[in-house]
Amino acid sequence: MHIYILGICGTFMGGLAQLAREAGHRVSGCDEKTYPPMSDQLLAAGIELSKGYDPEQIRLKPDLFVIGNAISRGNPLLEAILDRDLPYTSGPQWLAEHILRGRWVLGVAGTHGKTTTAAMLAWILEDAGLCPGFLIGGVPLNFAVSARLGKAPFFVIEADEYDTAFSDKRSKFIHYRPKTLILNNLEFDHADIFSDLAAIERQFHHLIRTLPASGLIVSNRHDASLERVLAEGLWTPVEYFDDPKGIHLTGDDTDGSLILHDGKATVARANWPLAGEHNRKNAAAALLAARHAGVSLQDGLAALARFQNVKRRLEVCGEAAGVTVYDDFAHHPTAIATTIAGLRRKVGNARILAVLEPRSNTMKLGIMKEQLAASLEAADLVFCHAANLDWNAAAALLPLGARVKISDDLDNLLVCIVAAAKTGDHVLIMSNGSFGGIHARLLAALEKMPAKPAR
């Protein structure tokens, strides 16, 4: 079968394209922008790419068009498909029918930590010799790819609550029918498609309705939104992580220790490279989900000692002039605060220069603007790229005083960062996009200047 994917360079659709190619299909597709790293992955897999949405692409006569959820009515190629009554489907539906059917699906849902937790879970299963398939919204360093078929029965998927397609406004995860489901946490997000938190909770309730009685829900004991979701109806057993009376993890960021507890008893110990309480919660959830698939807690903890995290999660891009530059995907105030806190534990009293691009649809709408200053409070200096916002970034970040620099011009912002940076500083760049290649540009600019000692 020849499938043609609209919006192929998105994280989800690009992963789906790789799965389809691995399954033996001919795959091609188009996007507004075809850029690395996804374009490199797709081309390496033998997937043909076209730029833009020219209606003439229907002349390729694929057997099926798969429409990404970034594609809206009015898109010229989509309109041509509809006018000619050509066969089409959504990405999640195609995935459910052609990849997930008949497999033991392990889904990871929640506002924060989906990618990291899914990567942990896939690695635990891999380390146990189970060779899972997976589709993850990032690149786990243990695998170096974001998607693969693996071997039956296990398939790990990042279960996103965003909508399915222009023609199907249910959350994507409704299609996946997991047997094992992790519920990490739940906050208001995706303000472009959800009116309030209750609307998101309703979608999570619909997801709960798809689980079999033989399945397992692994949920956060201390999340009020998730408790409301579970209270709406429950037909599947629940195990809680982050529960002092049950399975939970403790550790020390300074020595990398990780201790697994079952109530008051210590079950096992390990060392691992990740810092932060949020990562320990992610790991506890992954351990419980893996146990449902047959991996003991002890073996799971041993696997986590060899876990290498995910690209763009406090990933070191490089060092120049004594300044270390990091890349992180954080784009929600909770994630921003958590990421800065994690870096603070790592670097101690060294200066942190937080560089933020409020790029997500929710951030552009200004829904989270009142929380933004507080989320950046632990940084020593803050640099915000404020282009294309529907709100006043200067007013929102006013509580940070003289510590903040705001600019609509990326070149100007880069100059300001270089001027402020000193030897020993840590520059944390946070965006859910490519941020105009600022990471490499900053390192190149720092290389050209003499080291400036911190005062």
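Definitions and cut-offs
Residues numbered from 1 in each chain as written. Predicted model: local features only at pLDDT ≥ 70, side-chain atom pairs only at ≥ 80, totals over all residues. Heavy atoms only, no water. Axes fitted to C-alpha atoms, helices over the stretch in contact; angles between N-to-C directions. Helix = DSSP H or I, 4+ residues; strand = E, 2+ residues; numbered from the N terminus. Parallel < 35°, antiparallel > 145°, perpendicular 65-115°, else oblique. Left-handed = near helix turned anticlockwise from the far one by under 90°. Contact = heavy atoms within 4.5 Å. Nonpolar A, V, L, I, M, F, W, Y, C, P; charged D, E, K, R; others polar. Expected span 1.5 Å × (residues − 1). Buried < 20%, exposed > 50% of the residue type's maximum accessible area, 1.4 Å probe, protein only. Salt bridge = Lys/Arg side-chain N within 4 Å of Asp/Glu carboxyl O.

Caption draft 1: Focus on the packing of helix H1 (residues 11–22) against helix H4 (residues 91–100). Put simply, H1 and H4 touch, their axes get as near as 11 Å, and they point 30° apart. By the criterion of interaxial angle, the relationship of H1 to H4 is roughly parallel. Judged by the twist between their axes, the crossing of H1 over H4 is left-handed. Here H1 contributes Phe 12, Met 13, Leu 16, Leu 19 and Ala 20 to the contact with H4, which in turn contributes Gly 91, Pro 92, Trp 94, Leu 95 and Ile 99. Residues belonging to the contact of H1 with H4 are distributed by class as follows: 9 nonpolar, 1 polar and no charged.

Caption draft 2: Structural view of H1. Helix length check: H1, at 12 residues, gives a terminal C-alpha distance of 17 Å against a target of 16 Å (1.5 Å per residue), a fit within 8%. The element H1 is extensively covered by neighbouring structure, given that 9 of its 12 residues are classed as buried. Along H1, the residues classified as buried are Phe 12, Met 13, Gly 14, Gly 15, Leu 16, Ala 17, Gln 18, Leu 19 and Ala 20.

Caption draft 3: Quick peek at the pattern of salt bridges. Across all of its chains, the model carries 18 salt bridges by this definition. A salt bridge links Glu 277 to Arg 280, with the shortest nitrogen-to-oxygen separation between them at 3.2 Å. With Glu 277 and Arg 280 both in helix H8 (residues 277–292) and 3 residues apart, the pair spans about one turn of that helix. We classify Glu 277 as partly exposed; its relative accessible area is 33%. Look at Arg 280 and you get buried, because its relative accessible area is 8%. Two residues, Glu 377 and Arg 403, come together in a salt bridge whose shortest N-O distance is 2.8 Å. Placement of the pair is Glu 377 in the loop between helix H12 (369–375) and strand S21 (381–385) and Arg 403 in the loop between helix H13 (393–396) and strand S22 (404–407), with a sequence separation of 26 residues. Residue Glu 377 is classed as partly exposed on the basis of its relative accessible area of 43%.

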